[in-house]
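# A closer look at the structure
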Amino acid sequence: MGSLRSAVLAGGGTGGHIYPLLAFADALKRHFPDVRITTLGSPKGMENELIPPAGYDLRLIPAFQLPRSLNMNLLRTPDRMYKSAHAAGKILEEVQADVVVGFGGYVSVPAYLAAWRRDVPIVIHEVNVPPGVANRMGMRFTKNVAVGFPQQPQQAESLRDARVVGVPLRTAISHLDRAALRPHALYQFGLRPDLPVLFVSGGSSGARTINLAVAAAAKRLAHAGIQVLHVQGGRNDPFEVPNDLPVPYVVLPYLSDMQLGYAAADLMLCRGGAITVAETTALGVPAVYVPYPHSNQEQKRNALPVVEAGGGILVDNSELTPEWIEQHIIPLARDRQRLAMMGAAASRYGRRDGDEALLEFVLEAVAKAR
Ligand SMILES: CC(=O)N[C@H]1[C@@H](OP(=O)(O)OP(=O)(O)OC[C@H]2O[C@@H](n3ccc(=O)[nH]c3=O)[C@H](O)[C@@H]2O)O[C@H](CO)[C@@H](O)[C@@H]1O
């Protein structure tokens, strides 16, 4: 393995960009205990809540809104973009960056621009198809593109030559032994060991449709003997659940220790965010995926290969009603054999070594540039 003295990691907005960044930072630290790690974020993203508690240096650069489609005129539209790239450049110089690794989100663009102008190698990690606007812009400046899933290079021309490295997952998740942690997780949440647990999470910001549909099905789930562990999501409105249910229905605003949720879960109900899909499959958690309908079908593309492999089922956002939950989720949550088969299929699709594989790719990129 090569070496690194200073790395700048850029990625922000929602958890989907930040958790892989943090997992990669941890891998860097493990291999190079003296490496200087600097993360770049913008003032309003979830990075402000997630990165400082993880112990990494977070530098904020002025935010600017990217258009939804790629428009190279942006690079000529000075002001805000220039201000952000200038701020990123000053940080790259101060920390004498050997590499910039970008995970997407608005804040990655100024980092890519600043690195390109200073001949600092750039590595892009992309988990979605189509790739996000920020990363697509970054691809104008580097060929070092890594992706999270094996189908991505076939699905997008811009990713055709990308290296499949998997998704860096937090070690609490990638090293998780679900069965061993389960008793502790159930105890922590006040759940019973004798009844199945449906774990509900709409991704880092939460999902209104999922929250409301499951809450409205609370009585039916409870009377069928299904416990619910329901994470509302960082940026979502609270919802009402009856308080006289015969079995536990636990609502949490946000769960930092997601490994506990995965350990408690017999079945998951979730969106199809790329990192969520990487985690459920790495851990072999059978899941019902409800892709977010307004983002270019990216979440459906994330979940479909898992479903085709037998690791979960897919339902349209508009079809997720309390009746659908009663007809499909209740029988599934009670069918231990089917859940075990789905879990095994999910884990054949998933992988746990994305952090190490991305690190290897980054070191190769740095060595190539030297
Ligand atoms: C609406 C939208 O555009 N969503 C995008 C966003 O999703 P989002 O930001 O929701 O990201 P993902 O679903 O991919 O990942 C969510 C992450 O948050 C963690 N988590 C979640 C809830 C919680 O209480 N605690 C917790 O730790 C999960 O364990 C996971 O690590 O980024 C993903 C990755 O680019 C994209 O694929 C999604 O399409």
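Remember, it's a predicted structure, so these values are computed and weren't measured experimentally.

The full set close to the ligand counts 25 residues, and N128, I275, T276, E279 and E298 are the nearest of them. Within the backbone of G16, an N or O atom sits 2.9 Å from an oxygen atom of the ligand. Within the side chain of E298, a nitrogen or oxygen atom sits 2.4 Å from an oxygen atom of the ligand. Within the complex, 89% of the 770 Å² of free accessible area of the ligand lies under protein. Counting residues per element, the ones that place at least two in the shell around the ligand are α1 (15–31), α11 (258–264), α12 (274–283) and α13 (298–308). In this structure, the shell around the ligand is formed jointly by two domains, domain 1 (6–169 + 353–369) and domain 2 (176–349), each of which donates at least three residues.

The next point concerns helix α16 (residues 354–369). Relative to the 22 Å expected for 16 residues at 1.5 Å per residue, α16 spans 23 Å between its end C-alpha atoms, a close match to the ideal helical length. If you check which residues of α16 are buried, you get G354, D355, A357, L358, L359, F361, V362, L363, A365 and V366. In this structure, the buried side of α16 is in contact with α1, β4 (99–102), β5 (122–126), β6 (145–147) and β7 (163–164).

Tracing the backbone through its elements, the reader meets D266 in the loop between α11 and β11 (267–270). Filtering out sequence-adjacent residues up to four positions away, D266 remains in contact with R182, L195, P196, V197, P286, R336 and L339. A distance of 3.3 Å separates the side chain of D266 from the side chain of R182, its partner in a polar contact. There is a polar contact of 2.7 Å between the side chain of D266 and the backbone nitrogen of V197.

Let's shift gears to the domain arrangement of the protein. Size of an interface: often given as the accessible area lost when the parts come together. When the domains of the protein are assigned, the result is domain 1 (6–169 + 353–369) and domain 2 (176–349). The partner domain 2 presents 16 residues to the 20 residues of domain 1 that form the contact. Summed over both partners, the interface of domain 1 with domain 2 buries about 1,500 Å², with 59% contributed by carbon and sulfur atoms. Taken as a group, M46, F149 and L169 account for 32% of the area that domain 1 buries against domain 2, more than any other trio of residues on that side. Counting only elements with at least two residues in the side of domain 1 that touches domain 2, the list comes to α1 and α2 (47–50).

This next bit is on the packing of helix α3 (residues 79–95) against helix α4 (residues 108–117). The description of two packed helices rests on the angle between their axes and on the distance between the axes. Between α3 and α4, the least distance of the axes is 8 Å, while the angle of their chain directions is 60°. Classed by the angle they form, the pair α3 and α4 counts as oblique. Viewed along their axes, α3 and α4 form a crossing whose handedness is right-handed. In this structure, α3 contributes M81, S84, A85, A88, G89 and L92 to the contact, and α4 contributes V109, P110, A111, L113, A114 and A115. For the contact of α3 with α4, a count of residues per class yields 10 nonpolar, 2 polar and no charged.

Next up on the list: the pairing of strand β8 (residues 197–201). Most of β8 is tucked away: 5 of the 5 residues are buried. The alternating pattern of β8 places V197, F199 and S201 on one face and L198 and V200 on the opposite face, and all of these are buried. Across 5 bridges, β8 lies against strand β9 (residues 227–231) in parallel orientation. Each bridged residue has a counterpart across the sheet, and for V197 the counterpart in β9 is Q227. Pairing of β8 with β11, which is carried by 4 bridges, proceeds in the parallel orientation. Bridged to V200 within β11 is L269.

What counts, and at which threshold
- Residues numbered from 1 in each chain as written.
- Predicted model: local features only at pLDDT ≥ 70, side-chain atom pairs only at ≥ 80, totals over all residues.
- Heavy atoms only, no water.
- Near = heavy atom within 4 Å.
- Polar contact = N/O pair within 3.5 Å; in protein donor to acceptor, adjacent residues only side chain to side chain.
- Areas by Shrake-Rupley, 256 points an atom, 1.4 Å probe, with all protein chains shown as cover.
- Helix = DSSP H or I, 4+ residues; strand = E, 2+ residues; numbered from the N terminus.
- Domains from an automatic or database assignment.
- Expected span 1.5 Å × (residues − 1).
- Buried < 20%, exposed > 50% of the residue type's maximum accessible area, 1.4 Å probe, protein only.
- Contact = heavy atoms within 4.5 Å.
- Buried area = accessible area lost by both parts, 1.4 Å probe.
- Axes fitted to C-alpha atoms, helices over the stretch in contact; angles between N-to-C directions.
- Parallel < 35°, antiparallel > 145°, perpendicular 65-115°, else oblique.
- Left-handed = near helix turned anticlockwise from the far one by under 90°.
- Nonpolar A, V, L, I, M, F, W, Y, C, P; charged D, E, K, R; others polar.
- Pairing = 2+ DSSP bridges.

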